[in-house]
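Close look at the chain arrangement
Chain by chain, the residues run as shown.
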Amino acid sequence: SLLIEQPSRGRVLQALVFLFCAFLADLKPVPLDESGSRSVSLAFAFILSAQILFGWQYAVLIGASCVLIPELLERKPLSRVLFNTGVYVLAAGASSLPRLVLGSPRGVSPTTLTLWSFTGSAAYTVINILLVCAAVSLARGKPFRPLFLENIRHGGPAFMTMAFLSALAVVLW
């Protein structure tokens, strides 16, 4: 639901495990090509898993924290830090839509959890790539459409692989 409940200590500790994993994953992005010019953070798998297990609130906080803290520590330009954090927040929120529409995961079959993982992954991926490509397109004066299609082609398979990992993590948790 959209309401924020008072979290239990156990739930907060469990969510912190996912935050820690997302934080570590975001520190070391995985290259998508041989040149290393494109990369993707595996933090997405932990953000998506946390969203399904704990709720949208946790996913948004984990997404924001795992980007905001490292980028501030690296002293990146504030505009870039705010943009990247915003992208993670919006994408994490979008990944929550299937769960918000269909209800709570308690007592739900592994098949349904896996479906939520893949639909949430698709929402996250589209929002993430749309926003990043829009920013790059505006900043570099490049046409949006080819940039978007190229990023979907390169990043889409990585995001779908992480959807599998998220589904596995949710079912095992």
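Note that the structure is a prediction, hence the values are computed from the model and not measured. (Residues numbered from 1 in each chain as written. Predicted model: local features only at pLDDT ≥ 70, side-chain atom pairs only at ≥ 80, totals over all residues. Heavy atoms only, no water.)

Brief notes about the overall build of the protein
Rules: By definition, any uninterrupted DSSP run of H or I lasting at least four residues is a helix, any uninterrupted run of E lasting at least two residues is a strand, and each is numbered from the N terminus. Every radius of gyration here is taken over C-alpha atoms, with the globule rule written as 2.2 Å times N^0.38, N being the number of residues. Partly exposed residues are those whose accessible area sits between 20% and 50% of the maximum for their type, while under 20% is buried and over 50% is exposed, using a 1.4 Å probe and protein chains only. Only heavy atoms matter for contacts: two residues are in contact if any of them lie within 4.5 Å across the pair. Note that accessible areas follow from Shrake-Rupley with a 1.4 Å probe, and for residues the cover is restricted to the protein chains shown.
Looking only at helices and strands, one finds 7 helices and 2 strands in the protein. Traced from its N-terminal end to its C-terminal end, the protein shows the element sequence α-β-β-α-α-α-α-α-α. At 16 Å, the protein has a C-alpha radius of gyration in line with the 16 Å of a compact globule built from 173 residues. Along the first, second and third principal axes, the C-alpha set of the protein runs to 50 × 35 × 30 Å. In the protein, which comprises 173 residues, the share counted as buried stands at 39%. Taking as baseline every contact in the protein between residues at least 6 positions apart, the subset at least 24 positions apart corresponds to 68%. Taken as a whole, the protein presents about 9,700 Å² of accessible surface, with 69% of it coming from carbon and sulfur.

Here we look at the packing of helix H6 (residues 110–140) against helix H7 (residues 144–172)
To keep things clear, this is the line we draw: Note on geometry: axes are C-alpha line fits, over the in-contact stretch for helices, and angles between N-to-C directions span 0 to 180 degrees. Should an angle fall under 35 degrees it is called roughly parallel, over 145 degrees roughly antiparallel, and 65 to 115 degrees roughly perpendicular, with every other angle called oblique. In a left-handed crossing the near helix is turned counterclockwise from the far helix by less than a right angle, and in a right-handed crossing that turn is clockwise. Under this grouping Gly is polar, as are all residues other than the nonpolar Ala, Val, Leu, Ile, Met, Phe, Trp, Tyr, Cys and Pro and the charged Asp, Glu, Lys and Arg.
Two elements in contact, H6 and H7, have axes whose closest approach is 8 Å; the angle formed by their N-to-C orientations is 150°. Classified by the interaxial angle, the pair formed by H6 and H7 is roughly antiparallel. Pair H6 / H7 crosses with right-handed handedness. A per-class count over the contact of H6 with H7 returns 20 nonpolar, 8 polar and no charged.

As for the packing of aromatic side chains
Worth spelling out the cut-off: Side-chain rings of Phe, Tyr and Trp (the six-membered ring for Trp) are treated as a pair once their centres are within 6.5 Å; stacked means planes under 30 degrees apart, edge-to-face means over 60, and tilted covers the remaining angles.
Inspection of the entire model under this criterion finds 9 aromatic pairs. With a centroid separation of 6.0 Å and an interplanar angle of 50°, the aromatic rings of Tyr124 and Phe159 are classed as tilted. Of this pair, Tyr124 sits in helix H6 while Phe159 sits in helix H7; the two residues are 35 residues apart in sequence, bridging distant segments of the chain. Residue classification places Tyr124 among the buried positions, given a relative accessible area of 1%. Taken together, the aromatic side chains of Phe18, Phe54, Tyr58 and Trp173 make up a single cluster linked through ring pairs.

With respect to the environment of Leu82
Inspection of the secondary structure puts Leu82 in helix H4 (residues 78–95). When its relative accessible area of 52% is taken as the criterion, Leu82 is described as exposed. The sequence separation of Leu82 and Ala64 amounts to 18 residues, and the corresponding C-alpha distance is 9.5 Å.

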